[in-house]
Amino acid sequence: MNQQPAPPSPPPPSPLPLDGLTVVAVEQAVAAPFATRQLADLGARVIKVERIDGGDFARGYDTAARGLASHFVWCNRGKESIALDLKDPRGLDVVGRLIADADVFVQNLAQGAAARLGLDAATLCAAHPRLIAVDISGYGASGPYADKRAYDMLVQCEAGLVSVTGTPAQPVKAGVPAADIAAAMYAFSGVLAALVRRGTTGRGGPVEVSMLEALAEWMGHPLHHAMHGGTAPARTGLAHAVIAPYDAYPTSDGGRVLLSVQNDREWRRLAEQVLQRPELGTDPAYATNAARVAGRERTDALVAKALGALEADEALARLEAAGIACARLRDLHEVADHPQLATRKRWREVDSPAGPLRALLPPITLPGGMEARMGAVPALGEHTEALLRAVGMTDEEIAVMRRDGVAA
């Protein structure tokens with residue numbers, strides 16, 4: 001009897017795409033740290049340069065993550081922390097030595113601060129042609145707002161996000177730092193694009209990202225609506241400005257269910273199978289989206305009455321059966337226990353000075369490759385000594401740096 005050949009072994013996983021690259025970051029708060037965390041997750045070595053007097057000020061925002069700041073835990077896993085006084089020439093010299101061996105440099109200091117230290121992208125790229133140097137700012141390096149302070153909420157206001165978020169009576173800021181996140185993701189993708197260019201030309205170069213310009217790009221739909229249509233979309237809370245019904249409705253058990261009817265065929269299915277009022281499907285007062293929007297209050301009242309008699313699970317089951325897009329309005333504890341995230345095994349634990357902490361895998365998945373490198377959240381200056389040795393400093397020199405408060 002012929003023996004069947006053994007099935008071929010699966011190929012080993014591909015390495016992380018940024019494995020072998022070194023990033024040096026003089027960073028704080030969210031925009032730059034979140035950008036460099038994406039690089040670390042994809043395999044880059046990220047060296048985070050922090051102030052000796054407390055480090056990245058995001059370390060002090062709160063103590064919600066088992067004594068650590070939630071912003072810092074979110075944005076800084078997988079990095080090495082070195083604490084230096086950059087106002088001292090010896091501290092700045094160490095950063096220069098680190099940059100000399102790096103592929104990428106990222107900074108989001110206050111406007112003008114990096115240039116005064118010689119750490120702006122133009123200066124560094126002139127000295128290191130293969131270096132990719134990223135300047136993240138609030139409003140850009142030129143223009144009347146160049147020197148203006150740029151915190152996330154302020155940029156949300158300047159970019160118009162607040163004007164289209166909230167209720168008719170009250171504009172509100174987004175519940176996440178949208179301007180910081182937008183700038184971070186464009187910095188991240190800018191680095192990737194520059195790495196591709198360096199692979200073909202051999203040269204790095206500057207990358208500039210402005211929080212205002214990043215968030216203004218994200219304002220595309222309402223901005224184009226206003227510029228080309230004459231009026232800005234109205235603030236409608238959870239409702240949709242031009243579609244009805246499209247809102248969150250309370251259920252009998254205290255939940256809230258959001259549903260969206262995208263066309264008149266869906267309205268007819270909703271009327272028949274969920275509202276159990278099939279005649280509303282052809283009633284001229286409801287049969288078209290234009291009619292439902294014009295009579296939004298009475299449309300919403302019909303939907304609210306039907307869903308208010310049901311528990312959330314039953315309401316969702318009926319909507320799903322009718323082919324109506326729907327969702328449960330979840331609080332953050334419910335998100336942490338979301339069945340989809342659990343089933344897809346998206347949670348991991350990362351180490352930290354406070355012990356293991358839950359963290360989500362990054363949303364970029366590379367099938368057939370190694371899993372994202374979700375390293376530990378560093379303590380302030382945890383890697384100072386090792387990095388000082390790596391740039392050639394002796395025990396005596398390190399001791400003097402610590403004694404003089406240049407390194408911590």
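So, here's what we can say about the structure. Residue positions within a chain follow its written sequence, with the count starting from 1. Totals for whole chains, interfaces and linings use every residue, but because this is a predicted model, local features are given only for residues with pLDDT of at least 70 and side-chain atom pairs only at 80 or more, for both listing and counting. Heavy atoms throughout the structure, all of them, feed into the side-chain values; hydrogens and water do not.

Further remarks concern the overall build of the protein. Assigned secondary structure in the protein consists of 17 helices and 11 strands. With respect to the principal axes defined by its C-alpha atoms, the protein has extents near 85 × 85 × 45 Å. Between buried and exposed lies partly exposed: a residue is buried under 20% and exposed over 50% of the maximum accessible area for its type, with that area taken using a 1.4 Å probe on protein chains only. Buried residues in the protein amount to 44% of all 408 residues. Within the protein, counting contacts between residues at least 6 apart in sequence, those at least 24 apart form 66% of the total. Throughout, the Shrake-Rupley method with a 1.4 Å probe supplies accessible areas, and for residues the shown protein chains are the sole cover considered. A total of about 21100 Å² of accessible surface is found on the protein, and carbon and sulfur atoms cover 56% of it. Numbering goes from the N terminus for both helices and strands, where a helix is a DSSP run of H or I of at least four residues and a strand is a run of E of at least two. Whether two residues are in contact is decided by their heavy atoms, any of which lying within 4.5 Å being enough.

Okay, a nonpolar patch on the surface next. Like charges within 9 Å and nonpolar side chains (Val, Leu, Ile, Met, Phe, Trp, Tyr) within 5 Å are joined into patches, using only residues over 30% in relative accessible area that form no salt bridge. One speaks of a salt bridge when a side-chain nitrogen belonging to Lys or Arg is within 4 Å of a carboxyl oxygen belonging to Asp or Glu. On the surface, Tyr151, Met153 and Leu154 cluster together into a nonpolar patch covering about 300 Å² of accessible area. Along the polypeptide, leucine 154 turns up in helix α6 (residues 152-158).

Further remarks concern the sheet that holds strand β2 (residues 45-50). The parallel open sheet is built from six strands, whose spatial order is β3-β2-β1-β4-β5-β6. This sheet does not close on itself; its edge strands, each paired only once, are β3 (79-83) and β6 (205-210). Geometrically, the sheet is characterised by an average inter-axis angle of 20 degrees between neighbouring strands, direction not taken into account. Whether two strands pair depends on DSSP finding at least two bridges between them. Where strand β1 (residues 22-26) meets β2, five bridges bridge the pair, whose relative direction is parallel. Residue pairing across strands places valine 24 opposite isoleucine 47, the latter belonging to β2. Interaxial angles span 0 to 180 degrees and are taken between N-to-C directions of axes, which are lines fitted to C-alpha atoms, for helices over the stretch in contact.

Our next topic: the pattern of salt bridges. Side chains carrying opposite charge are able to pair once their charged atoms draw close together. Under the definition given, this model contains 22 salt bridges. Among the salt bridges present, the one from aspartate 19 reaches arginine 373, with a minimum N-O distance of 3.2 Å. Placement of the pair is aspartate 19 in the segment before β1 and arginine 373 in the loop between β11 (357-360) and α16 (384-390), with a sequence separation of 354 residues. Ionic pairing is found between arginine 37 and aspartate 41, a salt bridge with its closest N-O pair at 3.0 Å. In this pair, arginine 37 and aspartate 41 both sit in helix α1 (residues 31-41), four residues apart, roughly one turn of the helix. Linked through salt bridges whose partners overlap, the residues forming this network are Glu27, Lys48, Asp56 and Lys79.

Let us look at unusual backbone geometry. Backbone phi values are negative for most residues with the exception of glycine, while trans is the configuration of most peptide bonds. Cis geometry is found at the peptide bond from alanine 244 to proline 245, where omega equals -5 degrees. When you line up the elements, proline 245 lands in the loop between α9 (220-229) and β7 (246-250). One non-glycine residue, alanine 29, lies in the positive phi region at around 65 degrees. Position of alanine 29 among the secondary structure elements: in the loop between β1 and α1. Take alanine 29: its relative accessible area is 15%, and that puts it in the buried class. If you check the backbone angles, glutamine 276 has positive phi at about 55 degrees while not being a glycine.

What follows concerns the sheet that holds strand β8 (residues 256-260). Pairing is antiparallel in the open sheet, where three strands are placed in the order β7-β8-β9. Each having just a single partner strand, β7 and β9 (325-328) make up the two edges of the open sheet. On average, each strand axis in the sheet is inclined to that of its neighbour by 20 degrees, with strand direction left out of account. Two elements, β7 and β8, share five bridges in a ladder whose sense is antiparallel. Pairing of alanine 248 across the sheet is with leucine 258, part of β8. Seen against the sheet, helix α13 (residues 312-321) touches β8 and β9 and runs at an angle of roughly 160 degrees to β9.

For the rest of this paragraph, the subject is the packing of aromatic side chains. In this analysis, rings of Phe, Tyr and Trp, with Trp reduced to its six-membered ring, are considered paired at centre separations within 6.5 Å, and the interplanar angle assigns stacked below 30 degrees, edge-to-face beyond 60, and tilted for intermediate values. One pass over the structure, following the stated rule, counts four aromatic pairs. Aromatic pair phenylalanine 57 and tyrosine 61: ring centres 6.0 Å apart, planes at 50 degrees, arrangement tilted. The interplanar angle of 20 degrees and the centroid separation of 6.0 Å between the aromatic rings of tryptophan 267 and tyrosine 286 together place this pair among those described as stacked. One end of the pair, tryptophan 267, is in helix α10 (residues 264-273); the other, tyrosine 286, is in the loop between α10 and α11 (289-294), and 19 residues separate them in sequence. Note on tryptophan 267: relative accessible area 0%, which makes it buried. Note that arginine 298 overlies the ring of tyrosine 286, its terminal NZ or CZ placed 5.6 Å from the centroid. The rule is short: NZ of Lys or CZ of Arg within 6 Å of the ring centre and within 35 degrees of the ring normal puts a charge over the ring. The ring of tryptophan 347 is capped by arginine 358, whose NZ or CZ atom sits 4.1 Å from the centre of that ring.

Below, the discussion takes up α13. Every buried residue of α13 is listed here: Ala312, Ala315, Leu316 and Leu319. Down the axis of α13, the buried side of the element spans an arc of 95 degrees, and every buried residue falls inside it. Structural note: α13 exposes Asp313 and Ala321 on the side pointing more than 90 degrees away from its buried face. Contact partners of the buried residues in α13: β8, α10, α12 (296-308) and β9. Just past α13, the residue glycine 323 takes up positive phi, approximately 75 degrees. The arc under discussion is defined with respect to the helix axis, by the directions toward the C-beta atoms.

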